[in-house]
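Here is how the chains run, residue by residue.
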Amino acid sequence: MIERSPIFDFITYATMILGLVLVLVPFWVTIVAGSQSLQEVSQVPLNLWPSGHLLENIQTAWARADLGPKMINSLIVAVGVTTGKIVLAALSAFAIVFFNFKARMLCFWLIFITLMLPLEVRIVPTYSIAANALLPFQTLLDTFGITSLLEMMSGVRVTLEWNLLNSYTGLILPLVATATGTFLYRQFFMTIPDELVEASKMDGSGPIRFFFEVLLPLSRTNMLALATIMFVSSWNQYLWPLLITTDRANFGTVVMQLKALIPAQNGTPDWNVTMAGALIIMLPPLLVVALMQRWFVRGLISRDK
Amino acid sequence: MTAITLSGVKKRYLKNPVVHGVDVTIESGEFVVILGPSGCGKSTLLRMIAGLEDITEGTIAIGDTVVNKLEPRERGCAMVFQNYALYPHMSVAQNIGYALKVSGMPRAEREAKVLKVAKSVGLDPYLTRKPGELSGGQRQRVAMARAMVREPKVFLFDEPFSNLDAKLRVAMRAEVRGLHRGLGVTSVFVTHDQTEAMTLADRLIIMNQGVVEQVGKPSEVYHRPASLFVADFIGSPAMNLVRGFFGEDGHFRHGKGGMIHLPTVAPSLVSQEVSIGIRPELVRRVPANTKDAIAAVVDYTEELGAARLIYADADGSRLIAVDHGTDALGTGMPIHLAIDEADLHVFSQDTGRRIELGAAQRAATNSRINA
Ligand SMILES: Nc1ncnc2c1ncn2[C@@H]1O[C@H](COP(=O)(O)OP(=O)(O)OP(=O)(O)O)[C@@H](O)[C@H]1O
Ligand SMILES: [Mg+2]
């Protein structure tokens, strides 16, 4: 859409600049505060110009929040979720779009419904499953009386248990199991012309080959866009890691550690350290977005022919 | 070699019948064109041969093998699609060689074959380009090369040229014809363009609403149409078809009291509801006082360059004549037309099928078919 009128131009630019300022000001404040000393940061009003203590603040924050191992944890979770999600999304969309099976519509709607139930909404049941991933099977066994039958016959009571608390699996799996990626892939797969599918059949390629040699290469931009979104959103997860890790020392993520950096109620108000920590923690997703943004934009708005 | 035998082939989508039982044998090495209006089931039939569509009833055999249950790749057919269907992310060479790669042919052998085929269709300068960087005609050539490289037993074409401009289409037509002459592979070609069909085909299969109306050589189909549908569908301008019945007096009665004197044809067909047909190029303009001339009034004329078409009204029935005269003809002017009984086609109005007439008529059509 192209519109040419000075007033319209002015309004557009004004809106964009306002938006930019709204986004950048908190960021600026973080950088500024992160580079100041304790005295400087405690001044009222805050001096909005950076000072020279950034490195030492970063060191303090790094040590205080034990950010080294936590960074690795976060990275494992973010990469795990991203990979898992892409694999799951591509495969499930492949099944839904290219295969004609009886339960196709049912599967589609089951996946669709999970869009309306984000993790936050179903956090309690998800937690109880994470506490014992085999719980649903146990329930099935119990209701159908198989447990008591087995107990009668062998004297052993069957109790299935697979605990996901304090584990990478527990951190990653529930974040993987959502529908957004499936939808992105489904939309893309629907644009693949039938003739292309048929041409590959005539060329003798089976479904697996078609998936790897035609669909995946064609969906590369989509995949990178999805990877960007998933990396950022899983890096930023707070509620779920907080819930599932009691063993913070070993399985905590950096975003959880932000809490540890906030000054205690009656402690030293060293917000400069907090802000420096925040800077470190937001750096990886920033880098990912910066590196991927070309693909990201292309994958979401257009597709190469 | 490889003949294709269709016996009692039917196709239903859910309850909806689309192809109603086709029995045709396509001889080995033959170039057969399936021609018919849009939606008549041409593509469906072709896709059943290819294995892209299940066969609801009946059997299809390629060579001696019934292929109903075989996967497309096991049938030995190669197909050229209307929209090229090239893999957008692969280069021309990769597109052409993909089937060979899938079949596990070693790389060196594959590349040699790809190069040879690409050369034969003039694609060798473009081997490293992506399909997106080619023109429509070049893309269609890639699609053809991709089909050729596998050395299939059967070529299938589904309206491959309908996205090309008129000139390129004629060129590609010649190319396909030459290709077939060179390789001699059994080919089935679907189109709704009758010029394309007439020029390419060894034999035509004419379909209408899921039924085969006629199978025959192009000249046969043109000069001895087996049904009203074929008579009307084949030929441009279309055949003159006039509905009416024969009286005892040797006259054919039509329109609003129109009469045509047809003394030899009439006796066998008295009082049947029929349509008579005659090609416009066989309708002659004659002087007013000619015996048995049909009086008509000019509606309008169409200049073709070498000749002109006269659209005339004869007592409420439309007659088209190809005329080589140069006199001025305006709307409403009276003219006189004449036809030969030997050139006449008669179709039953009940069944829509052709009614065979006497020996004179058969001789005339035969001489045209064999000309
Ligand atoms: N997947 C389908 N489900 C239901 N009906 C279908 C399906 N595919 C085709 N048809 C119907 O079958 C009929 C024949 O289709 P087909 O594609 O064979 O026509 P066609 O002769 O190739 O026409 P065109 O010249 O337009 O390509 C059409 O009426 C069409 O609506
Ligand atoms: Mg078609």
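This structure is a prediction, so every number in the text was calculated from the model and none was measured. Throughout this document, residue positions are counted from 1 along each chain, in the order its sequence is written. For naming, the first written chain is A and the first written ligand is 1, with later ones following in the order written. The model is predicted, so local features are restricted to residues of pLDDT at least 70 and side-chain atom pairs to those at 80 or more, both for listing and for counting; the totals for chains, interfaces and linings are taken over all residues. Heavy atoms throughout the structure, all of them, feed into the side-chain values; hydrogens and water do not.

Tell me about empty space enclosed by the protein, and please be specific about residues and values.
Only protein atoms enter the 1 Å grid used here. Points where a 1.4 Å probe fits but cannot escape make up a cavity, open sets with protein on both sides within 12 Å along at least five of seven lines make up a pocket, and a residue lines them when an atom lies within 4 Å of a point. Grid points are joined across faces, edges and corners, and a volume is the space filled by probe spheres set on the points. What the rule picks out here adds up to four cavities of 30 Å³ or more. Within this model, the largest cavity holds a volume of roughly 60 Å³. Contributing to the lining of the largest cavity are A:Ala199, A:Met202, A:Asp203, B:Ala78, B:Met79, B:Phe81, B:Arg146, B:Ala147 and B:Arg150. Here a helix means four or more residues in a row that DSSP labels H or I, a strand means two or more in a row labelled E, and each is numbered from the N terminus. Taken together, the elements giving at least two residues each to the lining of the largest cavity come down to helix H11 (194-202) of chain A together with strand S6 (77-80) and helix H4 (136-148) of chain B. Its residues placed into classes, the lining of the largest cavity shows six nonpolar, no polar and three charged. Under the scheme applied here, ten amino acids are nonpolar (Ala, Val, Leu, Ile, Met, Phe, Trp, Tyr, Cys and Pro), four are charged (Asp, Glu, Lys and Arg), and all others, including Gly, are polar.

Would you mind going over a nonpolar patch on the surface in detail, with residue names and values included?
All names here are of chain A. On the surface, a nonpolar cluster with roughly 880 Å² of combined accessible area is contributed by Phe137, Leu140, Phe144, Ile146, Leu149, Leu150, Met152 and Met153. Only helix H7 (135-143) and helix H8 (146-154) provide two or more residues apiece to the nonpolar patch. For the nonpolar patch, the leading source of residues is H8, giving five residues. Residue placement: Leu140 occurs in helix H7. Burial classification: accessible surface area is computed with a 1.4 Å probe over protein chains only, and a residue below 20% of its type maximum counts as buried, one above 50% as exposed, and the rest as partly exposed. Look at Leu140 and you get partly exposed, because its relative accessible area is 46%. Exposure above 30% relative accessible area and no salt bridge define the residues that can form patches, which grow by joining like charges within 9 Å and nonpolar side chains of Val, Leu, Ile, Met, Phe, Trp and Tyr within 5 Å. A 1.4 Å probe and the Shrake-Rupley method give the accessible areas. Residues count as covered only by the protein chains that appear here. Basic side-chain nitrogens of Lys or Arg form a salt bridge, by our definition, when they fall within 4 Å of a carboxyl oxygen of Asp or Glu.

Quick one: what's the story with the pairing of strand S4 (residues 57-62) of chain B, residue by residue and with numbers?
All names here are of chain B. When DSSP finds two or more bridges between two strands, those strands count as paired. In this sheet, S4 lies alongside strand S1 (residues 4-13) in antiparallel orientation, the contact comprising five bridges. Paired with Lys10 across the two strands is Glu57, which belongs to S4. Two strands pair when backbone bridges link them, and S4 and strand S5 (residues 65-66) are joined in this way by two bridges, in the antiparallel orientation. Looking at the pairing, Ile62 lines up with Thr65 of S5. Remark: two residues form the turn of the hairpin made by S4 and S5, two consecutive strands paired antiparallel; Gly63 in that turn has positive phi of roughly 65 degrees.

Please give an account of the interface of chain B and chain A that cites residues and values.
Across the contact, 24 residues belong to chain B and 17 residues belong to chain A. Both sides of the chain B and chain A interface together cover about 1800 Å² of buried area, and 59% of this is carbon and sulfur. At the boundary of chain B and chain A, one finds two salt bridges. For A:Glu198, the salt bridge is made with B:Arg47, and the minimal N-O distance between the two is 2.7 Å. Here a polar contact is taken to be a pair of N or O atoms separated by no more than 3.5 Å, where protein atoms must pair a possible hydrogen donor with a possible acceptor and residues adjacent in sequence count only if both atoms sit in side chains. Summed over the shared surface of chain B and chain A, the number is eight residue pairs in polar contact (both at pLDDT 80 or more). Elements supplying a minimum of two residues to the side of chain B that touches chain A: helix H1 (42-50), S6 and helix H2 (92-102) of chain B. With four residues, the top contributor of residues to the side of chain B that touches chain A is H2(B). Two residues form a contact once any of their heavy atoms are found within 4.5 Å. Joining two parts hides part of their accessible area as seen by a 1.4 Å probe, and the buried area is that hidden amount summed over both.

If you had to explain the site of ligand 1 to someone new, which residues and values would you point to?
All names here are of chain B. Surveying the vicinity of ligand 1 reveals the residues Tyr13, Val18, Ser38, Gly39, Cys40, Gly41, Lys42, Ser43, Thr44, Glu159 and His192. Residue Lys42 places a side-chain N or O atom 2.8 Å away from an oxygen atom belonging to ligand 1. Between Ser43 and ligand 1, the recorded distance is 2.5 Å, taken from a side-chain N or O atom to an oxygen atom. Within the complex, 56% of the 630 Å² of free accessible area of ligand 1 lies under protein. No other element matches the three residues that H1 contributes to the shell around ligand 1. Considered class by class, the residues forming the shell around ligand 1 number three nonpolar, six polar and two charged. If a single non-hydrogen atom of a residue is within 4 Å of a molecule or strand, that residue counts as near it.

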